[in-house]
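A structural walkthrough
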Amino acid sequence: MDRDYMRMQEAPNHPFLVNERGIQATVLSAERFAGKVRIDGRGNAVFPHFDADGLCGFEVKNRGFTSFASGGAKGLWVSNTTDDDTNMVFCESAIDALSHAVLFPDGHTRYASIGGKPNPQQAELIRAAAARMPSGSAIVAAMDADKAGRELAEMVRKAVELSGRADLRFRIDEPQGFKDWNDVLRGRRGPPPASCSSEAHPA
């Protein structure tokens, strides 16, 4: 798996993401996401997942196709970070996280994806990621607008609570009128869309 990943090239202008998913190349090539999207020999978009030990797998996406690395395990796909970040957004997929970044640009936000249905180890990775955030940060669960997405948002909430960080604020952002954030992005017309956000409060 590691060998396969290392052979892939970085893809700051991936045709599937730009042309079909509406994610501008300027976002993919931005410092926040540099090195976080690759392309394999079949032209798929590849999003690396990491756990406490390093690379543990990768999401694979293309038109009508979703997969995960054979022999890999889900960790977290995480954007690059800066010391002055004040928000962290968790999404179901890396494409949704990139879409959220396009819809609601913020230079102080880092992003993460769990890659769909979670495994038992991911709650601890979410807790650890939240615990590393600067003082007073907001943790945002921006999952799909369905029952499974709301269950995932509650998993993030519990992980934030287990961080022991009383200074962290937690909120849920849910797309209105669409299932997920990429649907919102591709269906965007006129002014930027609103999200249905619960009031922020300490975790």
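Residues numbered from 1 in each chain as written. Predicted model: local features only at pLDDT ≥ 70, side-chain atom pairs only at ≥ 80, totals over all residues. Heavy atoms only, no water.

What follows is about helix 4 (residues 94–103). Burial analysis of helix 4 places 10 of its 10 residues in the buried class, which makes it a mostly covered element. Considered for burial, the residues of helix 4 that qualify are A94, I95, D96, A97, L98, S99, H100, A101, V102 and L103. (Buried < 20%, exposed > 50% of the residue type's maximum accessible area, 1.4 Å probe, protein only. Helix = DSSP H or I, 4+ residues; strand = E, 2+ residues; numbered from the N terminus.)

Let us now look at the pairing of strand 7 (residues 87–91). Remark: a regular strand shows side chains that alternate across the two faces of the sheet. Across the five residues of strand 7, five count as buried, placing the element largely inside the fold. In strand 7, alternate side chains face the same way, and those of N87, V89 and C91 on one face and M88 and F90 on the other are all buried. When strand 7 meets strand 8 (residues 109–113), the two strands line up parallel, connected through five bridges. From the neighbouring strand, N87 faces strand 8, where its bridge partner is T109. For the crossover from strand 7 across helix 4 to strand 8, the handedness is right-handed. Two elements, strand 7 and strand 9 (residues 138–141), share four bridges in a ladder whose sense is parallel. What sits directly across from N87, in strand 9, is A138. (Pairing = 2+ DSSP bridges. Right-handed = clockwise from strand over helix to strand, strands pointing away.)

Strand order in the open sheet formed by five strands is 1-2-3-4-5, with antiparallel pairing between adjacent strands. In this open sheet, the two edge strands, each paired with only one partner strand, are strand 1 (9–10) and strand 5 (65–68). In this sheet, strand 3 (residues 45–51) lies alongside strand 2 (residues 38–39) in antiparallel orientation, the contact comprising two bridges. Paired with I39 across the strands is A45, a residue of strand 3.

Glancing now at the nonpolar core. Ranked by internal contacts, the top residues of the largest apolar core, which has 26 residues, are L17, I23, F47, W77 and L98. Contributions of two or more residues to this core are made by helix 2 (15–20), helix 3 (25–28), strand 3, strand 7, helix 4 and helix 7 (181–186). The element that contributes the greatest number of residues to this core is helix 4, accounting for seven residues. When residues no more than four places from it in sequence are discounted, the contact partners of L98 are I23, L28, F33, V37, F47 and W77. Within the second largest apolar cluster, 22 residues are counted, among which are A112, I114, L125 and M155. (Core = buried A, V, L, I, M, F, W, Y, C linked by side-chain atoms within 4.5 Å. Contact = heavy atoms within 4.5 Å.)

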